[in-house]
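Chain by chain, the residues run as shown.
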Amino acid sequence: MRILLFELKEGLIIALRAIVSNKIRSLLTMLGIFIGVAVVITMSTAIKGIDNSFQSGISSLGTDVLYVDKWAWFTNQEWWKIRNRRNITMEEYYRFKDLVKLPVAVAPVTNTIQTIKYNERRVENVFVNGSTADYVKTTNFTFAEGRFYSETESNAARQVAVIGSEIAKKIFPNISPLDKTIKIGGHNYKVVGVLAEQGSFVLGPWNPDNQVYIPIETIFKNFFNRSFRTITINVRANGPAMVEETKAEIEGVMRNVRGLTYNMENDFSINQQEGLQRSYDSIVGVIQIAGLFITGLSLFVGAIGIMNIMFVSVKERTKEIGLRKAIGAKRRTILSQFLLESSLICLVGGLAGLIAAIIISLLINQFIPTSIQIDSVLIGIGVSLLTGVISGFAPAYTAAKMDAVEALRYE
Amino acid sequence: MNIIRIEHIAKIYKVGTEEVHALRDVSLTIDKNEYVAIMGPSGSGKSTLMNMLGCLDTPTSGLYQFKGVSVSDMTDNQLANIRNQEIGFVFQTFNLLARYDAIHNVELPLVYAGVPKNERRERAKRALIDVGLGDRIAHKPNELSGGQRQRVAIARALVTNPSIILADEPTGNLDSKTGEEIMALFHEIHQKGNTIILVTHEEYIAEHAARIIRLKDGLIEKDEFVEKRYVPELKREQ
């Protein structure tokens with residue numbers, strides 16, 4: 001053990017000398033590994049970050065929320081068949097609400113896309129959701145300021161609005177939005193609540209942070225009448241354990257409300273985020289594999305660079321290897337000397353790449369969330385060391401098994 | 001006691017389909033504190049014999065005992081140990097590592113012997129002083145003259161206190177005056193009780209030795225003690 005440590009230490013010193021005596025070459029070789037490790041780590045932290053953000057975003061939708069909808073989120077049915085379904089109406093919602101027993105909250109939802117304005121500031125193409133006061137119970141919303149609109153406000157079709165955190169940031173950069181009057185599609189609304197940051201950029205316009213919430217009756221008053229389009233009924237089960245049972249109940253109730261007989265297919269869909277999760281997983285899986293494969297290629301190219309340079313280095317130092325053997329270096333010693341050299345190059349390049357990746361991740365974090373994890377740091381170090389050992393092995397082995405007599409004679 | 005005992009050794013190389021008999025049948029013994037020159041024209045097998053004696057190569061057949069231990073069937077690692085501890089090499093082209101200064105070059109065999117750093121430093125320094133380079137310890141090879149480089153190489157050969165010094169044309173790359181100084185150094189080393197084996201093709205260099213072995217076509221042609229041995233004046237390069 002002590003001998004091994006001694007050899008390791010001396011081998012490191014020898015390798016270090018060799019690296020330092022060829023600065024430019026060593027630096028260029030390191031660059032290959034530097035870039036490889038930097039992109040691999042950046043890629044994986046970005047993917048991880050997007051994934052985390054999606055997971056938190058999707059959980060802001062609630063795992064126990066069911067969406068009774070004319071449209072199916074994921075289906076194999078033909079599109080025209082679904083399109084020909086009857087709209088879900090407010091009347092059906094009222095009857096549905098009276099009949100169901102298991103859900104803890106039921107809320108009708110419709111939406112319109114409008115421009116939000118406050119003085120000179122404006123945000124275009126905002127999802128404006130209309131619902132009832134119960135809507136907030138179907139979500140996991142938390143409030144930065146104020147409250148959700150009340151049942152009275154909802155029933156009376158008041159001009160009140162709750163705005164998402166991103167919207168608030170955009171049109172009220174410096175002041176509190178509470179009690180200010182904003183314009184939604186030209187109508188005045190008083191802001192009664194501001195959501196805390198909920199979800200995730202990956203949801204895009206479906207991110208609650210980018211949305212505005214007003215009473216559904218107000219939507220019907222200001223934008224379109226109640227039979228203009230279908231509504232969605234959001235249903236929250238009493239906890240994830242109750243989801244299946246609740247689903248069965250609402251399916252039966254909905255069939256009853258829609259007047260379907262036993263031999264007729266459902267003319268509505270019950271959606272839940274589980275389906276979203278599944279399709280997301282498969283997309284992210286592909287991105288992950290493709291991304292790591294592509295970035296992995298650059299690391300591979302770096303590894304080839306190391307191998308190449310180590311072969312050159314071994315060839316160049318043939319005479320030195322001969323001498324070292326003549327004065328007592330064993331094969332093992334020569335092998336470890338060159339392996340240490342390539343590993344050291346990779347390690348230094350890899351560490352630099354890691355630092356660069358962390359900096360890049362912090363920069364990207366301004367736009368999309370990234371997540372630097374201790375395991376990606378360890379993987380970065382491990383991968384660069386492994387690259388060094390693997391790409392250095394063939395050259396080092398060539399050096400180790402050189403014939404001392406011939407190596408000494410080499411010019 | 002013999003340091004080296006060789007009996008009927010032969011070495012056959014394969015070059016393509018042809019077999020080259022570099023050594024056919026060579027027997028010799030070398031005792032402690034001998035000063036032997038091996039001579040012969042090129043192709044006589046003297047390099048092969050030298051590599052064999054230096055444990056860089058093993059014979060195809062025959063017996064080679066180093067201090068009573070058979071070398072012929074040693075493993076690579078055992079041979080490396082013998083080279084490290086028992087043999088000091090001096091080459092025609094010095095073979096110093098360009099990026100190491102003098103003391104690090106001299107230290108190198110001790111690194112492979114596993115000697116700790118401080119002791120290594122001390123012994124390397126002493127060896128450099130012994131060859132008259134006490135003031136050139138931190139110089140790199142390209143800052144030294146040819147003679148000085150060969151002295152560094154000799155210090156490197158001496159630093160492990162080997163049983164034999166194997167010098168292969170040590171003056172081949174030096175002018176005659178510097179060569180003479182190196183031969184004087186060898187003489188001095190021999191006087192201190194070391195065993196020296198010198199490979200050369202120059203008669204006047206060989207005459208510094210006490211015994212000359214002449215090879216021809218892979219056989220010993222003549223093995224004789226020098227009657228009129230040339231003893232150099234002991235003076236140092238300033």
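This structure is a prediction, so every number in the text was calculated from the model and none was measured.

**Some points on the overall build of chain A**
Here is step 1 of the chain: Within chain A, the regular secondary structure consists of 13 helices and 10 strands.
Here is step 2 of the chain: Here chain A has a C-alpha radius of gyration of 32 Å; the compact-globule value for 411 residues is 22 Å, and the former is much larger.
Here is step 3 of the chain: Judged by the C-alpha coordinates and their principal axes, chain A covers about 100 × 55 × 40 Å.
Here is step 4 of the chain: Of all intrachain contacts in chain A linking residues separated by at least 6 positions in sequence, the fraction that spans at least 24 positions is 83%.

**With respect to the overall build of chain B**
Here is step 1 of the chain: Helix and strand content of chain B: 7 helices and 10 strands.
Here is step 2 of the chain: In terms of overall dimensions, chain B has C-alpha extents of about 50 × 40 × 40 Å along its principal axes.
Here is step 3 of the chain: Going through the 238 residues of chain B one by one, you find that 48% of them count as buried.
Here is step 4 of the chain: Taking contacts inside chain B between residues at least 6 apart in sequence as the whole, the part at least 24 apart equals 69%.

**Topic: the interface of chain A and chain B**
Here is step 1 of the chain: Listed per partner, the contact involves 17 residues of chain A and 19 residues of chain B.
Here is step 2 of the chain: Looking at the side of chain A that touches chain B, the elements that each hand over two or more residues are α1 (2-20), α10 (318-326), α11 (331-364) and α13 (404-409) of chain A.
Here is step 3 of the chain: The residue makeup of the side of chain A that touches chain B, split by class, is 8 nonpolar, 3 polar and 6 charged.

**A few points about the environment of L53 of chain B**
Residue and element names in this part refer to chain B.
Here is step 1 of the chain: Take L53: it is sitting in helix α1 (residues 46-53).
Here is step 2 of the chain: Overall, the presence of 23 C-beta atoms within 10 Å leaves L53 in the buried class.
Here is step 3 of the chain: Between the C-alpha atoms of L53 and V71, which are 18 residues apart in sequence, the distance is 9.7 Å.
Here is step 4 of the chain: Setting aside residues up to four positions removed in sequence, L53 forms contacts with I4, L166 and I197.

**What about the pairing of strand β10 (residues 219-225) of chain B?**
Consecutive side chains of a regular strand alternate in pointing toward one face of the sheet and then the other.
All names here are of chain B.
Here is step 1 of the chain: Relative to β10, strand β9 (residues 211-216) runs antiparallel, the two being bridged by 6 bridges. Looking at the pairing, R214 lines up with K222 of β10.
Here is step 2 of the chain: The antiparallel pairing of β9 with β10 creates a hairpin that spans 2 residues between the two strands, and D217 there sits at a positive phi of about 50°.

**Notes on helix α5 (residues 146-158) of chain B**
Residues and elements named next belong to chain B.
Here is step 1 of the chain: In this model, α5 (13 residues) spans 18 Å end to end at C-alpha, consistent with the 18 Å of a helix rising 1.5 Å per residue.
Here is step 2 of the chain: With 12 of 13 residues buried, α5 lies mostly within the body of the structure.
Here is step 3 of the chain: Residues of α5 that are buried: G147, Q148, R149, Q150, R151, V152, A153, I154, A155, R156, A157 and L158.
Here is step 4 of the chain: Where α5 is buried, its residues meet β6 (87-90), α3 (102-113), α4 (117-130), β7 (164-168) and α6 (176-191).

**Here we look at the nonpolar core**
Here is step 1 of the chain: Counting residues in each nonpolar core, the largest one holds 116 residues, and the members touching the most others are V37 of chain A together with I38 and A155 of chain B.
Here is step 2 of the chain: If we skip the residues at most four places from it in the chain, V37 of chain A touches L299, G349, G350, G353, L354, A357, G380, V383 and S384 of chain A.
Here is step 3 of the chain: Counting 47 residues, the second-largest nonpolar core is a separate cluster that includes V68, V128, V191 and I214 of chain A.

**Some thoughts on the packing of α5 of chain B against α6 of chain B**
All names here are of chain B.
Here is step 1 of the chain: Put simply, α5 and α6 touch, their axes get as near as 9 Å, and they point 20° apart. Classified by the angle between their axes, α5 and α6 sit roughly parallel to one another. Read as a crossing pair, α5 and α6 show a hand that is right-handed. Judged by residue contacts, G146, G147, Q150, R151, I154 and L158 of α5 engage T178, E181, I182, L185 and I189 from α6.
Here is step 2 of the chain: Among the residues forming the contact of α5 with α6, the class breakdown is 5 nonpolar, 4 polar and 2 charged.

**So, the sheet that holds strand β5 (residues 69-70) of chain B**
In a beta sheet, neighbouring strands pair by backbone hydrogen bonds and run either parallel or antiparallel.
Residues and elements named next belong to chain B.
Here is step 1 of the chain: Spatially, the 4 strands line up as an open sheet ordered β2-β1-β4-β5, and their pairing is antiparallel. Since the sheet does not close on itself, it has two edges, and those belong to β2 (18-31) and β5, each with one partner.
Here is step 2 of the chain: Relative to strand β4 (residues 61-66), strand β1 (residues 2-15) runs antiparallel, the two sharing 5 bridges. Of the residues in β4, the one forming a bridge with A10 is S61.

**Focus: the environment of E10 of chain A**
Here is step 1 of the chain: By the secondary structure assignment, E10 of chain A is in helix α1.
Here is step 2 of the chain: Separated by 45 residues in sequence, E10 of chain A and Q55 of chain A place their C-alpha atoms 50 Å apart.

**Section: the pairing of strand β3 (residues 121-131) of chain A**
Residue and element names in this part refer to chain A.
Here is step 1 of the chain: By the bridge criterion, 8 bridges tie strand β2 (residues 105-118) to β3 in an arrangement that is antiparallel. Counterpart to K117 in the pairing with β3 is R122.
Here is step 2 of the chain: Once β2 ends, the chain turns through 2 residues before running back antiparallel as β3, passing N119 with a positive phi of about 50°.
Here is step 3 of the chain: Where β3 meets strand β8 (residues 211-215), 5 bridges bridge the pair, whose relative direction is parallel. Bridge pairing in β8 links N129 to Y213.

**A few points about helix α4 (residues 90-99) of chain A**
Given 3.6 residues to a turn, an α-helix orients residues that are three or four positions apart in the same direction.
All names here are of chain A.
Here is step 1 of the chain: Looking at α4, one finds that the buried residues are E92, Y93 and F96. An end-on view of α4 places all buried positions within 100° of arc, on one side of the element. Among the exposed residues of α4, those pointing more than 90 degrees away from its buried face are E91, Y94 and D98.
Here is step 2 of the chain: Structurally, α4 contributes buried residues whose contacts are with β2, β9 (232-236) and α8 (243-257).

**Concerning the sheet that holds β6 of chain B**
All names here are of chain B.
Here is step 1 of the chain: Overall, mixed pairing links the 6 strands, which are arranged β6-β7-β8-β3-β9-β10 in an open sheet. Strands at the two margins of the open sheet, each flanked by one partner only, are β6 and β10. On average, adjacent strands in this sheet sit at an angle of 15° to one another, irrespective of strand direction.

Criteria and cut-off values
- Residue indices follow the written sequence of each chain, beginning from 1 at its first position.
- Chains carry letters from A onward and ligands carry numbers from 1 onward, assigned in written order.
- The predicted nature of this model means local features are confined to residues of pLDDT at least 70 and side-chain atom pairs, given and counted, to a pLDDT of 80 or more, with totals for whole chains, interfaces and linings taken over all residues.
- Put simply, DSSP H or I for four residues or longer makes a helix, DSSP E for two residues or longer makes a strand, and each gets a number counted from the N terminus.
- Every radius of gyration here is taken over C-alpha atoms, with the globule rule written as 2.2 Å times N^0.38, N being the number of residues.
- The contact criterion used is a C-beta to C-beta distance within 7 Å, with each C-beta placed from the backbone.
- For every residue, the other C-beta atoms within 10 Å of its own C-beta are counted; 20 or more classify it as buried, 12 or fewer as exposed, and values in between as partly exposed. C-beta atoms are placed from the backbone.
- As a working rule, the residues Ala, Val, Leu, Ile, Met, Phe, Trp, Tyr, Cys and Pro are called nonpolar, Asp, Glu, Lys and Arg charged, and the rest polar, with Gly in that last group.
- When DSSP finds two or more bridges between two strands, those strands count as paired.
- Multiplying one less than the number of residues by 1.5 Å gives the expected span of a helix.
- Take the buried Ala, Val, Leu, Ile, Met, Phe, Trp, Tyr and Cys residues, join any whose C-beta atoms are within 7 Å, and the set you get is a nonpolar core.
- Axis lines are fitted to C-alpha atoms, over the contacting stretch for helices. Their N-to-C directions set the angle, which ranges from 0 to 180 degrees.
- Our angle categories are set so that under 35 degrees counts as roughly parallel, over 145 as roughly antiparallel, 65 to 115 as roughly perpendicular, and the remainder as oblique.
- Two helices cross in a left-handed way if the nearer one is turned anticlockwise from the farther one by less than a right angle. They cross in a right-handed way if the turn is clockwise.
- Read the arc as the range of directions from the helix axis to the C-beta atoms.

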